[in-house]
Amino acid sequence: MTGSRHLVIVESPAKARTIARYLGDDYVVEASVGHIRDIPVPRDLPADMKKGPYGKFGVDVENGFDPYYVVSADKKKTVADLKKKLKDADTLYLATDEDREGEAIAWHLLETLKPKKSLPVHRMVFHEITRDAIQAALTNTREIDDHLVDAQETRRILDRLVGFELSPVLWRKIRPSLSAGRVQSVATRLVVERERERMAFVPSDYWDVTGTFAGSDAAFSARISSVDGSRVATGSDFADDGTLKQKASAATVLTEESATALVSALEGAQARVASLESKPYTRRPAAPFTTSSLQQEASRKLRLGARQTMRVAQGLYENGYITYMRTDSVALSGEAISASRAQAAELYGSQYVPEKPRHYQNKSQNAQEAHEAIRPAGDRFRTPAQVAGQLSGDDFRLYELIWKRTVASQMADAKGTTSSVELAVEKAGRAATFRASGTVITFRGFMAAYEEGRDASRYGEQDENDKRLPQMDEGDMLDVEALVPDGHTTTPPPRFTEASLVRALEERGIGRPSTYASTVTTIQDRGYVLRRGSALVPSWTAFAVVKLLEEHFGPFIDYDFTAQMEEQLDKMARGELGRSEYLDDFYRADGTDGPIGLQPMVEHQGDIDPREINSIPIGEDITLRVGRYGAYVERPAPVDPDAAPAAEPAPPQRASLPDDLAPDELTVEKARELLERQKDDGRVLGEDPQTGHDVIVKDGRYGPYVTEVLPEDPDDKTPKSKRPKPRTASLLKSMDLATVDLDDALKLLSLPRVVGADEDGTDITAQNGRYGPYLKKGTDSRSLETEEQIFSITLDEAKKIYSQPKQRGRAAAKPPLKELGTDPTSEKPIVVKDGRFGAYITDGTTNVTLRRDDSLDALTHEVAVERLAEKRAKGPAKKGGRSTTRKATTKSSSKGTTKSTTK
């Protein structure tokens, strides 16, 4: 370290490079690249320790829960390099992040590097990487905070104890390689419980009436609110079991018949303005971003997952664009408030800045997080226009989002007027009341810079607040231009998205900002939760795991218990709770004065019946079972009352579940269909007269197919990879697993069919490919219009096709197969078209291929909208490799309504 006397250690190389720019030549900045030490798993312990007190967990639970730390194998070179540089240093600065994890990394560095006692060691902390912040941090160092370290290391030990005690139970009772976790299992439970609600949900039909009324200067619409003095039921009045909620028991549920009769009775009537109310409207800006709110808003507005959001934010922080991104504080520093107000006044005008600065109350009392909200770095923010040449893609979009939210948080309220009108329509002894409301924004205030996104309403009812009502007075008579009955069907509660799951964890106090992204990622990586578009769908394995934990280890998956654990860690971070005493109580408590500890709970468990844990009744004696190789449905074999008693009971009927079948879609009817279909799986169609081999039909992962059964020679020593492969062919779309016969199979197995030879002697063949039927001559392929042409096309017809110029672009447009209304996102018409690769849904921009079991007649507007939304959420397909994303069927993402209209 010639010419340099100070060593600064941070976590990441990017952070090191940025900080180095702000320090002089006397400083060398190095990166530890994250944690350098960890608690090894027992199998990686030194041989002489495996039978000692550390052998079970890597933690000595008998002596103060002392963890055994080792330098990670991939960090040994890093540690050696740091020790070498430390020998020539006059001062050591530990400049890791200022949260619990960063404090623990600094402590581990100090414990591992072991600087000589005469060497000054300083803990250097900052929440943004700017020249001023770094210089200020150099002159305001402190000691390592042992309380923060204790809280972080206790978290690691808790996670180790829970995982290593509970995971083996899952291995024995469900299947190997599963894992339980202090937070991940609770997050999984949230997703499973939401799916249970969807499975138990019973749809309800109800109708209302929408009226169009002629005002003085414009027509407007209003929805019926009461009929003959009784309030009309809406979607939010129905419980999940399909009945009216108790508080809505007196409401009138309109049917198609009663709604149509009401419209007929009121035909030709006028509407009287029964009441009119106007009141001021004020809306305050949202607080600056915390880790949680940033993840939620990035999901809503930018379609970024929690992990991706944090990765991008980490880069922005390390490169000096934003302040520290792991925080649950909504407070802004004085310089940030000044910068926001100055920039708002400069860009939007002084009238957009309130007289007094806004101060947001910190929602957290925790000491482990940074003490300021996420905001642009510095005392004068760089606008998105100023960083456009430096940032691009997600980096730019996330910075722009943070900048807008921060500036808007110091801007004036949005103001306007909210008007509500009630219209009375009476005729022929029938009376109905219609209501409409609208908000007119007269001063946009902070909305000029930013407006917070919103999740879909649970009941899917339309937000009409932006509707402008015409000028009218009480007692005015209005013409009724139209009354239209609208039919609705309630839909189940929405599945969690990454954003809403993060919000649910935060609301319940489960985990902390720094853990949300890793928790959401972990439950997906472990296969407990699958993404279908933006929705999180639990696997059947997750159902079995949650059921076992709920029934036998309830406290460790209880929301309040888990939140209380977080509160105890917060106390420890503030120095109000001892580490050993808390761990001892958590692990060994006998339940006398509170919850039973982990160790006695595991030891006192009786025999857990794996079959019962892995079983979920579906109905009609059909049971879903979670097996080692996937989920399947099972029912007892039918009993023939006239048959003689069998020596052995017939084996139960079983059928595997398709990968893309969501749990709430496994109805009794679907289970019966799968079981009936399974009867034909493996059906022998007959013997190929040319080869003498049996031909069977099977239902494979990618659809039904026929294949020949090759004889097996037990004495054949040829490796399987070099043995002859059986001929196999997929069924045509017009064929069915239950009705395909030997003739059909032999025709399929004969493909490709030689149609004949062209003038130059090259054979023309007809084939069935992944993308449909086609002709092939050498390397020149031409699509056929129907699958039947594979067997019927003649040589002359094939030559005629090849005589035409090859269609490089699109063929003449065909009329759509079905029209499905307008997409609410793109506002373009949705149609089903017949394409080269089969029928597909499109709004002109986004295309989604229909699934194998889709029926064109049964395809609804709601399903099409959701399929398009899922496709948009996935983004464009990656080139150069096969997609591994499974197709999935996801129901409506909100407890809204599907709508039909009777004219």
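Counting restarts for each chain, with residues numbered from 1 along the sequence as it is written. This being a predicted model, a pLDDT of at least 70 is required before a residue's local features are given, and a value of 80 or more before pairs of side-chain atoms are given or counted; all residues contribute to the totals for chains, interfaces and linings. The side-chain quantities take in all heavy atoms of the structure and omit both hydrogens and water.

Undergrad: Requested: an account of the packing of helix α5 (residues 146–173) against helix α16 (residues 559–573), with residues and values cited.
TA: Between N-to-C directions, angles span 0 to 180 degrees; the directions come from axes that are lines fitted to C-alpha atoms, helices contributing only their stretch in contact. Think of it this way: any DSSP run of H or I at least four residues long counts as a helix, any run of E at least two long counts as a strand, and we number them from the N terminus. It is the contact of α5 with α16, at a shortest axis distance of 7 Å, that shows an interaxial angle of 150°. Classed by the angle they form, the pair α5 and α16 counts as roughly antiparallel. Across from H147, L148, D150, A151, T154, R155 and L158 in α5, the residues of α16 making contact are M565, E566, L569, M572 and A573. Grouping the amino acids of the contact of α5 with α16 by side-chain chemistry returns seven nonpolar, two polar and three charged. The cut-offs work like this: below 35 degrees is roughly parallel, past 145 is roughly antiparallel, 65 to 115 is roughly perpendicular, and the gaps in between are oblique. The contact definition used throughout considers only heavy atoms, calling two residues in contact when any of these lie within 4.5 Å. Side-chain classes follow a simple rule in which Ala, Val, Leu, Ile, Met, Phe, Trp, Tyr, Cys and Pro form the nonpolar group, Asp, Glu, Lys and Arg form the charged group, and the remainder, Gly included, forms the polar group.

Undergrad: A description of the sheet that holds strand β18 (residues 615–619) should follow, citing residues and the corresponding values.
TA: Two strands qualify as a pair provided that DSSP identifies no fewer than 2 bridges between them. The four strands are arranged β18-β19-β20-β21 in an open sheet whose pairing can be described as antiparallel. Only two strands of the sheet have a single neighbouring strand rather than two, namely β18 and β21 (653–656). Averaged over all pairs of adjacent strands, the angle between their axes in this sheet comes to 30°, without regard to strand direction. When strand β20 (residues 630–635) meets β21, the two strands line up antiparallel, connected through four bridges. Note on β21: the bridge partner recorded for E634 is R654. Running at roughly 90° to strand β19 (residues 622–627), helix α15 (residues 540–552) makes contact with β18, β19 and β20 of the sheet. Together, β18, β19, β20 and β21 form the strand contacts of helix α20 (residues 668–678), whose direction differs from that of β21 by roughly 100°.

Undergrad: How would you explain the confidence of the model for the protein chain if you had to name every residue and give the values?
TA: Overall, the prediction assigns the protein chain a mean pLDDT of 87, with 92% of residues at 70 or greater. By definition, pLDDT measures how confident the predictor is in each residue, and it falls between 0 and 100. Low pLDDT, under 50, characterises residues 460–464; the predicted model gives this stretch ten contacts beyond four residues in sequence or across chains. Across residues 878–903, confidence stays below pLDDT 50; counting only partners more than four residues off in sequence or on other chains, it has 84 contacts.

Undergrad: For the pattern of salt bridges, give the residues involved together with the corresponding values.
TA: Think of a salt bridge as a Lys or Arg side-chain nitrogen and an Asp or Glu carboxyl oxygen that are within 4 Å of each other. Following the criterion strictly, the structure yields 56 salt bridges and no others. Of the charged contacts, one joins E62 and R588 as a salt bridge, the two residues approaching to 3.4 Å between their closest N and O atoms. In this pair, E62 is assigned in the loop between β4 (59–60) and β5 (66–67) and R588 in helix α17 (residues 579–588), connecting sequence segments 526 residues apart. If you follow the salt bridges from partner to partner, you end up with E128, E335, E372 and R375 in one network.

Undergrad: Lay out the pairing of strand β22 (residues 683–687) in plain terms, naming residues and giving numbers.
TA: Relative to strand β23 (residues 694–700), β22 runs antiparallel, the two being bridged by four bridges. The residue of β23 that forms the bridge with R683 is V697. Connecting β22 to the next strand, β23, in antiparallel fashion are six residues, including G692 with a positive phi near 80°.

Undergrad: Kindly report on the environment of A345, identifying the contributing residues and their values.
TA: Position of A345 among the secondary structure elements: in helix α10 (residues 334–348). When the C-alpha atoms of A345 and V407 are compared, they prove to be 9.9 Å apart, with 62 residues separating the residues in sequence. When residues no more than four places from it in sequence are discounted, the contact partners of A345 are S350 and V353.

Undergrad: Go over a negative patch on the surface, please, and point to the residues and values.
TA: Like charges are joined within 9 Å and nonpolar side chains (Val, Leu, Ile, Met, Phe, Trp, Tyr) within 5 Å, but only among residues with over 30% relative accessible area and no salt bridge; these make up the patches. Accessible surface is estimated by sampling points in the Shrake-Rupley manner with a 1.4 Å probe; for residues, cover comes only from the protein chains shown. For the purpose of counting charges, residues Lys and Arg are taken to be positive, whereas Asp and Glu are taken to be negative. His and the chain ends are not included. Just so you know, the charge point we use is NZ for Lys, CZ for Arg, CG for Asp and CD for Glu. On the surface, E581, D585, D590 and D593 cluster together into a negatively charged patch. Along the polypeptide, D590 turns up in the loop between α17 and α18 (598–603). Any residue under 20% of the maximum accessible area for its type is buried, any over 50% is exposed, and the rest in between are partly exposed; the area is computed with a 1.4 Å probe on protein chains only. A relative accessible area of 58% means that D590 is categorised as exposed.

Undergrad: Tell me what's going on with α17, and back it up with residues and numbers.
TA: Three- or four-residue spacings in an α-helix give side chains the same orientation, since the helix completes a turn every 3.6 residues. Along α17, the positions that sit buried rather than exposed are R579, Y582, L583, F586 and Y587. Angular distribution of buried residues about the axis of α17 spans 120°; they occupy a single face of the element. In this fold, the buried residues of α17 make contact with β5, α5, α16 and α18. Arc, as used here, means the arc of the directions from the helix axis to the C-beta atoms.

Undergrad: Quick one: what's the story with empty space enclosed by the protein, residue by residue and with numbers?
TA: Computed over the protein atoms alone on a 1 Å grid, cavities are sets of points where a 1.4 Å probe fits but cannot get out and pockets are open sets with protein on both sides within 12 Å along at least five of seven lines; a residue lines them when it has an atom within 4 Å of a point. Grid points are joined across faces, edges and corners, and a volume is the space filled by probe spheres set on the points. Enumeration according to the criterion identifies two cavities of 30 Å³ or more in this entry. Around the largest cavity, the lining residues are V162, L166, A180, G181, S185, L549, F553, F556 and I557. Classifying every residue of the lining of the largest cavity gives seven nonpolar, two polar and no charged.

Undergrad: Got a sec to walk through the side chain of R625? Specific residues and values, please.
TA: Topologically, R625 is positioned in strand β19. By relative accessible area, which is 12% here, R625 ends up buried. Separated by 2.8 Å, the side chains of R625 and E634 make a polar contact. Those residues in contact with R625, other than ones at most four positions away along the chain, are R611, N614, S615, G630, A631, Y632 and E634. Polar contact is defined as a pair of N or O atoms within 3.5 Å, subject to the rule that within protein one atom must be able to donate a hydrogen and the other to accept it, and that residues adjacent in sequence are counted only when both atoms are side-chain atoms.

Undergrad: So what about the sheet that holds strand β26 (residues 753–757)? Which residues, and what values?
TA: The strands that make up a sheet are held in pairs by hydrogen bonds between backbone atoms, and each pair lies either parallel or antiparallel. Taken in spatial order, the four strands of this open sheet run β26-β27-β28-β29, and their pairing is antiparallel. The strands lining the two open edges of the sheet, one partner per strand, are β26 and β29 (780–783). When the angles between neighbouring strand axes are averaged without regard to direction, this sheet yields 25°. Bridging between strand β27 (residues 763–769) and strand β28 (residues 772–777) involves six bridges; their strand directions are antiparallel. Bridge pairing links N768 to P773 in β28.

Undergrad: If you had to explain the nonpolar core to someone new, which residues and values would you point to?
TA: Residues F586 and L666 are the most contacted members of the largest nonpolar core, which totals 95 residues. The element contributing the most residues to this core is α5, with ten residues. If sequence neighbours within four positions are ignored, F586 has contacts with L158, L161, V162, F556, M565, G597 and L598. Nine residue types can take part in a nonpolar core, namely buried Ala, Val, Leu, Ile, Met, Phe, Trp, Tyr and Cys, and a core is a set of them joined through side-chain atoms within 4.5 Å. Listed in part, the 58 residues of the second largest apolar core include M124, F126, A137 and A344.

Undergrad: I'd love a proper account of the pairing of β20, names of residues and values included.
TA: Burial runs high along β20: five of the six residues are buried. Both β19 and β20 contribute to a ladder of five bridges, which runs antiparallel. Its bridge partner being in β20, L624 is matched across the sheet by V633. Taking the residues that link successive antiparallel strands as the turn, the β19-β20 hairpin has two residues.

Undergrad: Quick one: what's the story with the environment of L731, residue by residue and with numbers?
TA: For L731, the location among the structural elements is in the loop between β25 (728–730) and α21 (742–749). Placed 560 residues apart in sequence, L731 and W171 show a C-alpha to C-alpha distance of 39 Å. Excluding residues that lie within four positions of it along the chain, L731 makes contacts with V697, P704, Y705, V706, D736, L737, V740 and L748.

Undergrad: With reference to specific residues and values, describe the packing of aromatic side chains.
TA: In this analysis, rings of Phe, Tyr and Trp, with Trp reduced to its six-membered ring, are considered paired at centre separations within 6.5 Å, and the interplanar angle assigns stacked below 30 degrees, edge-to-face beyond 60, and tilted for intermediate values. In total, this model carries 16 aromatic pairs according to the counting rule given. Judged by centre distance (5.5 Å) and plane angle (65°), the ring pair of F213 and F434 falls under edge-to-face. Taken as a pair, F213 in strand β9 (residues 205–214) and F434 in strand β14 (residues 430–443) lie far apart in primary sequence, 221 residues in all. Accessibility assignment for this pair places F213 and F434 in one class, buried. Between Y352 and F443 the ring centres are 4.9 Å apart and the planes differ by 35°, which places this aromatic pair in the tilted class.

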